[in-house]
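The residues making up each chain are set out below.
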Amino acid sequence: MKNFSLIFLFCILIFSLTANASFRLKNGKLLTIGSSKSEIISIAGVPIYQDIEKIAIDNGQEDNPIKREVLTYKLKGSIGGLYLVIIMVENNKVVSISSKQENRI
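Residues numbered from 1 in each chain as written. Predicted model: local features only at pLDDT ≥ 70, side-chain atom pairs only at ≥ 80, totals over all residues. Heavy atoms only, no water.

**A word on unusual backbone geometry**
If a residue is not glycine, its phi is most likely negative; likewise, a peptide bond is most likely trans.
Alright, step 1. Located in the positive-phi region is Asn91, a residue other than glycine, with phi close to 55 degrees.
Alright, step 2. With respect to the secondary-structure elements, Asn91 resides in the loop between β5 (82–90) and β6 (93–101).
Alright, step 3. Its identity is not glycine, yet Asn92 carries a phi of approximately 65 degrees, on the positive side.
Alright, step 4. Positionally, Asn92 belongs in the loop between β5 and β6.
Alright, step 5. On the accessibility criterion, Asn92 (42% relative accessible area) is partly exposed. (Helix = DSSP H or I, 4+ residues; strand = E, 2+ residues; numbered from the N terminus. Buried < 20%, exposed > 50% of the residue type's maximum accessible area, 1.4 Å probe, protein only.)

Listed below in structure tokens is the structure:
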């Protein structure tokens, strides 16, 4: 029984880590972390809002700030309804995808 509970806990942990790693559109196409910005735009279209954040990290070596693009979409998800989807892009690669169902915002 102890082994089963450890395996179950491990599976829940893995699922929670990958829960925001992708978003499936109603047409079945998948937006995933690691995709390029152009792949996302070709699948989901032009975002309703696009912004650029500059994140400065002070490590004492005067490095350039990190440039992060934030793409905001309103998309139909595979599990019914519209979703507000926010995609973070760094160095032309998707690093984060978060979604929230529209009627639950």
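**Remarks on the sheet that holds strand β4 (residues 66–76)**
Alright, step 1. Strand order in the open sheet made by the four strands is β3-β4-β5-β6, with antiparallel pairing throughout. What marks the edges here is a single partner per strand, and that holds for β3 (49–55) and β6. Across this sheet, the average inter-strand angle for adjacent strands is 20 degrees, counted without regard to direction.
Alright, step 2. Two elements, β4 and β5, share nine bridges in a ladder whose sense is antiparallel. Bridge pairing in β5 links Leu75 to Tyr83.
Alright, step 3. Strands β3, β4, β5 and β6 of the sheet are contacted by helix α2 (residues 37–44), whose axis makes an angle of about 15 degrees with β4. (Pairing = 2+ DSSP bridges. Axes fitted to C-alpha atoms, helices over the stretch in contact; angles between N-to-C directions. Contact = heavy atoms within 4.5 Å.)

**A few points about the nonpolar core**
Alright, step 1. With 14 residues, the main nonpolar core has Phe23, Leu31, Tyr73, Leu75, Val85, Ile87 and Ile97 as its most contacted residues.
Alright, step 2. At four residues, β5 tops the list of elements feeding residues into this core. (Core = buried A, V, L, I, M, F, W, Y, C linked by side-chain atoms within 4.5 Å.)

**Focus: the pairing of β5**
Alright, step 1. With antiparallel pairing between neighbouring strands as the criterion, β4 and β5 make up a hairpin whose turn holds five residues, including Gly80 at a positive phi of roughly 65 degrees.
Alright, step 2. Examined bridge by bridge, β5 and β6 share eight bridges and lie antiparallel to one another. Directly across from Val85, in β6, lies its bridge partner Ser99.
Alright, step 3. Once β5 ends, the chain turns through two residues before running back antiparallel as β6, passing Asn91 with a positive phi of about 55 degrees.

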